[in-house]
Amino acid sequence: MKFDILTLFPPMFDGPLTESIIRRAVERGLVNISLHNIRDYATDRHRVVDDAPYGGGDGMVMKVEPLAACIEAVKAERPAARVILTTPRGRRFDHDAARELAGYEELIIVCGRYEGIDERVRDLFVDEEFSIGDFVLTGGELAAMVMVDAVIRFIPGALGSPGSAECDSFADGLLEYPQYTRPVEFRGTRVPDVLLSGNHAEVARWRRQKALELTRRVRPDLLHGAELSGRDRDYLTTLGREEEP
Ligand code: SAM
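This report concerns the structure included in the present document. Fair warning: this is a prediction, and the values are worked out from it, not measured in the lab.

Parameters at a glance
- Residues numbered from 1 in each chain as written.
- Predicted model: local features only at pLDDT ≥ 70, side-chain atom pairs only at ≥ 80, totals over all residues.
- Heavy atoms only, no water.
- Helix = DSSP H or I, 4+ residues; strand = E, 2+ residues; numbered from the N terminus.
- Expected span 1.5 Å × (residues − 1).
- Buried < 20%, exposed > 50% of the residue type's maximum accessible area, 1.4 Å probe, protein only.
- Contact = heavy atoms within 4.5 Å.
- Near = heavy atom within 4 Å.
- Polar contact = N/O pair within 3.5 Å; in protein donor to acceptor, adjacent residues only side chain to side chain.
- Nonpolar A, V, L, I, M, F, W, Y, C, P; charged D, E, K, R; others polar.

### Concerning helix H2 (residues 64-77)
- Given a rise of 1.5 Å per residue, 14 residues ought to cover 20 Å, and the 20 Å separating the end C-alpha atoms of H2 matches this to within 8%.
- If you check which residues of H2 are buried, you get Val64, Pro66, Leu67, Ala68, Cys70, Ile71 and Val74.
- The inward-facing, buried residues of H2 abut strand S1 (2-7), strand S2 (32-37), strand S4 (61-62), strand S6 (106-110) and helix H4 (119-125).

This is how it looks when you write it as structure tokens:
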């Protein structure tokens, strides 16, 4: 899968996209990430990429011409690529969005800065807009890194253990069960006995129940869209009864 990231600050991507799982995915040829400096596409002497907003107001707006030239140059190489804009007004980026984007061979991600981009960039070039949450970042770079990281986890072969992505939180609509590793005891707290029992069926049952309990406690909204069996529903009813006065 190919990612082309359009940014005014390419060095920001050193580290997050050059270490660990992403680095290995790149080295194995599963992923290709190219950074493009939007400023390289400014044509004036001072390489200006922003200007004051029409109508007045605070801050600066990213100019349409350098962004258009940058997007068009990348698109010339990748005509089928989907163009994504990072913006607080976009669709909320979540588990399903990450899985969906992993289905594309090529993504172009545009990182905004300042007060945002000239609206005509959206109108002319952008296929889809994504927000990583209801808050405002200083720029789209961190949003792009979050999105690339989450998408790469869905690329077959990118993760160390093949089933990981499918067992993680949100995969079946629930949060993941609690995890433990050695030692068995730490400062008076013990790993639950069932996890030491070697009984795989019991371990699976405990994990499912903990996932249900946890989701019900901290993200009850997720239960509406979760894939629940009759047994899951019975368990949730039991939990409800336990709380009744
Ligand atoms: N004036 C804009 C507004 O009120 O919606 C905010 C602009 S923000 C300071 C600059 C850039 O950061 C945006 O163009 C976008 O690319 C990025 N950005 C900020 N918050 C974001 C979010 N929650 N998700 C994705 N990108 C975001």
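From this point, the discussion proceeds with the structure in view.
### Quick word on the side chain of aspartate 118
- If you trace the backbone, aspartate 118 turns up in the loop between S6 and H4.
- Residue classification places aspartate 118 among the buried positions, given a relative accessible area of 16%.
- Here aspartate 118 is in contact with Val61, Met62, Lys63 and Val64, once residues within four sequence places are set aside.

### Comments concerning the site of the ligand
- Looking at the ligand, there are 19 residues lining it, with Thr86, Gly112, Glu115, Phe135 and Leu137 nearest.
- One nitrogen or oxygen atom from the main chain of glycine 133 is found 3.0 Å from a nitrogen atom belonging to the ligand.
- Taken together, the elements giving at least two residues each to the shell around the ligand come down to strand S5 (82-92) and strand S7 (128-131).
- Among the elements that make up the shell around the ligand, the one with the highest residue count is S5 (three residues).
- Looking at the shell around the ligand residue by residue, the classes come out as eight nonpolar, nine polar and two charged.

### With respect to the side chain of histidine 36
- Inspection of the secondary structure assignment puts histidine 36 in strand S2.
- Filtering out sequence-adjacent residues up to four positions away, histidine 36 remains in contact with Asp4, Ile5, Leu6, Thr7, Cys70 and Val74.

### Looking at helix H5 (residues 141-152)
- Taking 1.5 Å of rise per residue, the 12 residues of H5 would be expected to cover 16 Å, and the 16 Å separating its terminal C-alpha atoms lies within 8% of that figure.
- Residues of H5 that are buried: Glu141, Ala143, Ala144, Met145, Met147, Val148, Val151 and Ile152.

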